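Chain by chain, the residues run as shown.
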Amino acid sequence: MTKKNDPNKGLYYLRSKKYCKLKNTEFMKKYRCEVCDWIYDPEVGDPESGIAPGTAFEDIPNDWLCPVCGVGKEDFVEEPD
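As the structure is a prediction and not an experimental result, all values here were calculated from the model.

Calculation notes
- Residues numbered from 1 in each chain as written.
- Predicted model: local features only at pLDDT ≥ 70, side-chain atom pairs only at ≥ 80, totals over all residues.
- Heavy atoms only, no water.
- Helix = DSSP H or I, 4+ residues; strand = E, 2+ residues; numbered from the N terminus.
- Buried < 20%, exposed > 50% of the residue type's maximum accessible area, 1.4 Å probe, protein only.
- Contact = heavy atoms within 4.5 Å.
- Disulfide = S-S within 2.5 Å.
- Pairing = 2+ DSSP bridges.

## Things to note about the overall build of the protein
A count of helices and strands for the protein gives zero helices and five strands. Along the chain direction, N to C, the helices and strands of the protein fall in the order β-β-β-β-β. Every one of the 81 residues in the protein was classed for burial, and the buried ones make up 26%. Sequence separation of at least 24 residues holds for 37% of the intrachain contacts in the protein that already meet a minimum separation of 6.

So, in structure tokens, the structure goes:
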């Protein structure tokens, strides 16, 4: 539940009255496969592989594979802003 007129847009107000950052794709980085140049975009995710939109690259399971060439997460590099 968010507070009305909250200056901290994109944050959840928790029962403990502390703010916790909402997974906000605006702050999530894109990653590029070094083998085939496919870009993992957290706004899109990889629905065909069960990765929902809004999933940060760091939160993807370690056994996930590039949907284009089949390499693992270790072959991805962070894209510059």
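## As for the state of the cysteines
One pass over the full model with this rule turns up zero disulfides. With no disulfide partner, Cys69 has as its closest neighbouring cysteine sulfur the one in Cys33, 3.6 Å distant.

## So, the sheet that holds strand 4 (residues 39–40)
Spatial ordering of the open sheet is given by 4-3-5, a layout of three strands whose pairing is antiparallel. Of all strands in the sheet, those with a lone pairing partner are strand 4 and strand 5 (76–78), marking the two edges. Summarising the sheet, strand 3 (residues 31–33) and strand 4 pair through two bridges and their orientation is antiparallel. Looking at strand 4, one finds that Tyr31 is bridged to Tyr40.

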